[in-house]
Amino acid sequence: MKINVLTIFPEMFSPVRDQSILGKAGEKGILDIDLINIRDFTLDKHRKTDDTPYGGGCGMVMTPQPIYDALRSLGDHSGPVIYMSPRGRILDKGLLEELISHDEITILCGHYEGVDQRVLDHWDMQEVSIGDYILTGGELPAMVLIDSLSRFIPGVLGNEESAEDESVYSGLLEAPQYTKPREFEGEMVPEILLSGDHHKIRIWRLMESMKLTSEVRPDMFRSWLESVPDLSDLTKHERKEIMDLAERLKQDETR
């Protein structure tokens, strides 16, 4: 997959692009992140990419010319053009699954008070937000998008199922995790995790996830219940145990 990133701060991306999972994906040729410096395309002798807004107001607005020319330099690029914006569609699994169906996407990172609206209209940009808060620029949100999207690209993760199984993608928050040593400063790893019974461990993790999600994200827990979770691989007794817990947690929410 190819991801084009238009930004006035390309150096911010290098530590993320070249390290860890993204770095390895780049080395394998699975993921190609092309950083385009918008300043390289400005016709202003001082390399300016912003100006004051028409109609007044505080802050500066990114001008259309350098962004237009930066996008045109990509040639006949395919796939959606995304603008990271707090007024956009919230980034979630559904959006990631839509984006991963494309071989190439382009991300525009705004700055200051945003970009000239004509840029968004002319290029039919899809605005995407990572949450209801304001950041200095679109670079950090773009990194979040790239990192989360990359986990759906075949070959990026060691376990092909791990992206789907992780935390919120399963509908529940992830159960507590433990590693060696078995005992640390008097605190023990739960015995069930040492039993070797993978079926019982899975049930324990499911129940812990239910408890945690109900407490921390009751909205997510309600959605999980409404989705009619698949418990077909459990015995009748185990299914009753899970649903009894769900009912108790629902009652606790209303108290």
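Note that the structure is a prediction, hence the values are computed from the model and not measured. Sequence order as written defines residue numbering, which begins from 1 separately in each chain. In keeping with the model being predicted, local features are shown solely for residues with a pLDDT of at least 70 and side-chain atom pairs are shown and tallied solely at 80 or more, while totals for entire chains, interfaces and linings include all residues. Calculation of side-chain values draws on the structure's entire complement of heavy atoms; hydrogens and water are dropped beforehand.

Caption draft 1: Structural detail: the overall build of the protein chain. For the protein chain, the count of helices and strands is 10 helices and nine strands. Taking 255 residues into account, the globule formula puts the C-alpha radius of gyration at 18 Å, and the protein chain, at 23 Å, lies well above it. In terms of its C-alpha atoms, the protein chain occupies a principal-axis envelope of roughly 70 × 45 × 40 Å. Each residue gets one of three labels from its accessible area relative to the maximum for its type: buried under 20%, exposed over 50%, partly exposed in between, using a 1.4 Å probe on protein chains only. Considering the protein chain as a whole, with its 255 residues, one finds that 42% of them fall into the buried category. A total of about 14900 Å² of accessible surface is found on the protein chain, and carbon and sulfur atoms cover 51% of it. Secondary structure elements are defined from DSSP: runs of H or I of at least 4 residues count as helices, runs of E of at least 2 residues count as strands, and each element is numbered from the N terminus. Within these notes, the globule rule equals 2.2 Å times the number of residues to the 0.38 power, and the radius of gyration is based on C-alpha atoms. Note on areas: Shrake-Rupley with a 1.4 Å probe; residue coverage comes only from the protein chains shown.

Caption draft 2: Spotlight on the packing of aromatic side chains. Pairing of aromatic rings covers Phe, Tyr and the six-membered ring of Trp, with a centre-to-centre limit of 6.5 Å; geometry is then stacked below 30 degrees between planes, edge-to-face above 60, and tilted otherwise. Within this structure, the stated rule accounts for two aromatic pairs. Taken together, a centroid distance of 6.0 Å and an interplanar angle of 80 degrees make the contact between Tyr68 and Trp123 edge-to-face. One end of the pair, Tyr68, is in helix α3 (residues 64-72); the other, Trp123, is in the loop between α5 (117-122) and β7 (126-129), with 55 residues separating them in the sequence. Centre to centre, the rings of Phe221 and Trp224 are 6.1 Å apart; their planes meet at 20 degrees, and the pair counts as stacked.

Caption draft 3: Representation of the environment of Ile100 in the model. With respect to the element layout, Ile100 can be found in the loop between α4 (93-99) and β6 (104-108). Along the primary structure Ile100 and Leu140 are separated by 40 residues, whereas in three dimensions their C-alpha atoms are 20 Å apart. Ignoring sequence-local partners within four residues, the contact set of Ile100 consists of Met1, Leu149, Phe152 and Ile153. Any two residues having at least one pair of non-hydrogen atoms within 4.5 Å are treated as being in contact.

In short, shape yes, function no, at least from these values alone.
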